Amino acid sequence: MMYRQLGTSDLNVPVVIFGAWAIGGWWWGGTDDENAIAAIREALELGISCIDTAPMYGFGHSERLVSKAVKGWRNKVLIATKCGLRWDRGDGEFWFDTSDNASNPVSVYHNLRYDSILEECDRSLKRLDTDYIDLYQCHWPDPTTNLDETLDAMFNLQKQGKIRAIGVSNFSVEMMETCLKRFALASDQPKYSLLSRDIEKEILPFCRSRNVGIIAYSPLEHGLLTGKFSAEHGFPPGDERVKEPWFKPENRRRALKAVEHVKPIAQDLGITLAQLAISWIISQPGVTAAIVGARNPRQVQENASAVDFSLDNEQIELIRREFEALGELS
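Reading the values: rules and limits
- Every residue gets a number counted from 1 within its own chain, in the order that chain's sequence is written.
- The predicted nature of this model means local features are confined to residues of pLDDT at least 70 and side-chain atom pairs, given and counted, to a pLDDT of 80 or more, with totals for whole chains, interfaces and linings taken over all residues.
- Each side-chain value is derived from all of the structure's non-hydrogen atoms; neither hydrogens nor water enter the calculation.
- Any two of the Phe, Tyr and Trp rings considered here, Trp counted by its six-membered ring, make a pair once their centres fall within 6.5 Å; the pair's planes then place it as stacked at under 30 degrees, edge-to-face at over 60, or tilted in between.
- Numbering of helices and strands runs from the N terminus, with a helix taken as a DSSP run of H or I at least four residues long and a strand as a DSSP run of E at least two residues long.
- Three labels apply to residues, based on accessible area from a 1.4 Å probe with only protein chains included: buried if under 20% of the type maximum, exposed if over 50%, partly exposed otherwise in between.
- A positively charged side chain is recorded as over a ring if its NZ (Lys) or CZ (Arg) lies within 6 Å of the ring centre. The angle to the ring normal must also be within 35 degrees.
- Any two residues having at least one pair of non-hydrogen atoms within 4.5 Å are treated as being in contact.
- For the purposes of these results, a polar contact is taken to be a pair of N or O atoms within 3.5 Å, where, inside protein, one atom must be able to donate a hydrogen and its partner to accept one; residues adjacent in sequence count only when each atom of the pair is a side-chain atom.
- Side-chain atoms within 4.5 Å link the members of a nonpolar core, which is a set of buried Ala, Val, Leu, Ile, Met, Phe, Trp, Tyr and Cys residues.
- Two strands are counted as paired when DSSP detects at least two bridges linking them.
- Each axis is a line fitted through C-alpha atoms, taken for helices only over the stretch in contact, and angles between the N-to-C directions span 0 to 180 degrees.

*Asks:* Report on the packing of aromatic side chains, specifying residues and quantitative values.
*Replies:* Ring pairs (aromatic) are described by centroid distance and by the angle formed between their planes. Applying the stated criterion across every chain, the model contains seven aromatic pairs. Taking the centre distance of 6.2 Å and the plane angle of 10 degrees together, the rings of Phe155 and Phe183 count as stacked. Here Phe183 lies in the loop between helix 5 (173-180) and strand 11 (187-189) and Phe155 lies in helix 4 (residues 147-160), a separation of 28 residues in the sequence. Here Phe183 falls in the buried class, since its relative accessible area comes to 9%. Clustering of aromatic rings is evident, with ring pairs tying together Trp95, Phe96 and Trp140. The side chain of Arg74 reaches across the aromatic face of Tyr132, ending 4.1 Å from its centre.

Spelled out as structure tokens, the structure:
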């Protein structure tokens, strides 16, 4: 495994981080807890020493699974979790309605208020069975809360020793500039894949210039870039990927054409399409790591092997051109 310093923090993260959204069950059509725990332990064995989770991932279930999986490994693993999405409070900005893992209806709110963050942190510490979090991230902005109030909470948690480094996710350049006036910002976590390259306009250049780490989420576009789903593939009840723009049938067909066009590069290198997509992301200047989900040890092994080779500049640009040719989402 290859490691990189995360911004100006003292965290050295693997370039492939274990993404624990899918194992939480919510949004992904359920989960298998035994396979999930085995997947995390396989990741640790292979040097994937950072796990990214959040309370929202299964309404606490992902964090509890992470706790079970890293038992006995805590001093060798970096745990990254988040705050700012509440389904158990009704204040903040309403975002959407959904159902929890037991099919109970819940409403999700953006909430980065001071007291909410402190409450969330304590609950995450309890679920994770640890007394500190290595990287604590604001999951999404909350327009109903003054950002200074949010930053006060994060800074105080850091002073208390409950969190080591502070990160954000889905924040704008302006928001990150405000953060940097208060303290060192270890990282930003934006969506970034061959099909979602918006951060290249402002976010990525800004983070490069200010030495803020980028840990990219959804580098496989929820599995679409693996080539494992046909245009007609049906998803089981509870799998919400069908609501994603690139999973609309007409968009999926377009995306899969580009995937087919770059398949010869993967074949020449003797790698999978997933490994190709991961390698492309971690090859981009300014990107520290890619967060890649896995539900079982086999998927972890495939993800970890994405660092066993490197794309040359010609291959990187050829892949980019194929996906740029798709144009905008319809």
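*Asks:* Describe helix 9 (residues 297-304), with residues and values.
*Replies:* Looking at helix 9, one finds that the buried residues are Val300, Glu302, Asn303 and Ala304. Tucked into the core, helix 9 has its buried residues touching strand 3 (16-19), helix 1 (33-45), helix 8 (273-282) and strand 13 (287-293). Where helix 9 starts, the residue carrying a side-chain oxygen 3.2 Å from the main-chain nitrogen of Arg298 turns out to be Asn296.

*Asks:* Outline the nonpolar core, supporting the account with residue identities and numerical values.
*Replies:* One finds Phe18, Ile40, Tyr136, Leu276, Ile319 and Phe323 to be the most contacted residues of the largest nonpolar core, which totals 89 residues. No other element matches the eight residues that helix 8 contributes to this core. Ile319 has contacts with Leu194, Val262, Ile265, Leu276, Trp280 and Leu311, leaving out every residue within four places of it along the chain.

*Asks:* Give me the sheet that holds strand 12 (residues 213-216): which residues, what numbers.
*Replies:* With parallel pairing, the eight strands of this closed barrel are ordered in space as 3-4-5-9-10-11-12-13. For this sheet, the mean inter-axis angle between neighbouring strands, taken without regard to orientation, is 30 degrees. The pairing of strand 12 with strand 13 spans three bridges and is parallel. Each residue of the ladder has a partner; that of Ile215, found in strand 13, is Ala289.

*Asks:* Lay out the environment of Trp140 in plain terms, naming residues and giving numbers.
*Replies:* Topologically, Trp140 is positioned in the loop between strand 9 (133-138) and helix 4. Looking at Trp140, the relative accessible area reads 26%, which means it is partly exposed. If near-sequence neighbours (up to four positions away) are discounted, Trp140 is found in contact with Leu85, Trp95, His110, Leu112, Ser169, Asn170, Phe171 and Tyr217.

*Asks:* Now, about the sheet that holds strand 6 (residues 85-86): what can you tell me, with residues and values included?
*Replies:* Reading across the sheet, the three strands line up as 6-8-7 and stay open at both edges, with antiparallel pairing between neighbours. The open sheet terminates on both sides in strands that have one partner only, identified here as strand 6 and strand 7 (93-99). Sheet topology note: the strand 7/strand 8 (residues 105-110) ladder contains six bridges and is antiparallel. Paired with Glu93 across the strands is His110, a residue of strand 8.

*Asks:* Which residues make up the pairing of strand 9, and what are the values?
*Replies:* Taking burial as the measure, the six residues of strand 9 include six buried ones, the bulk of the element. Bridge analysis of strand 5 (residues 78-83) against strand 9 gives four bridges, and the strand direction is parallel. Counted as the bridge partner of Thr81 is Tyr136 from strand 9. Where strand 9 lies against strand 10 (residues 163-169), five bridges are found, and the strand directions are parallel.

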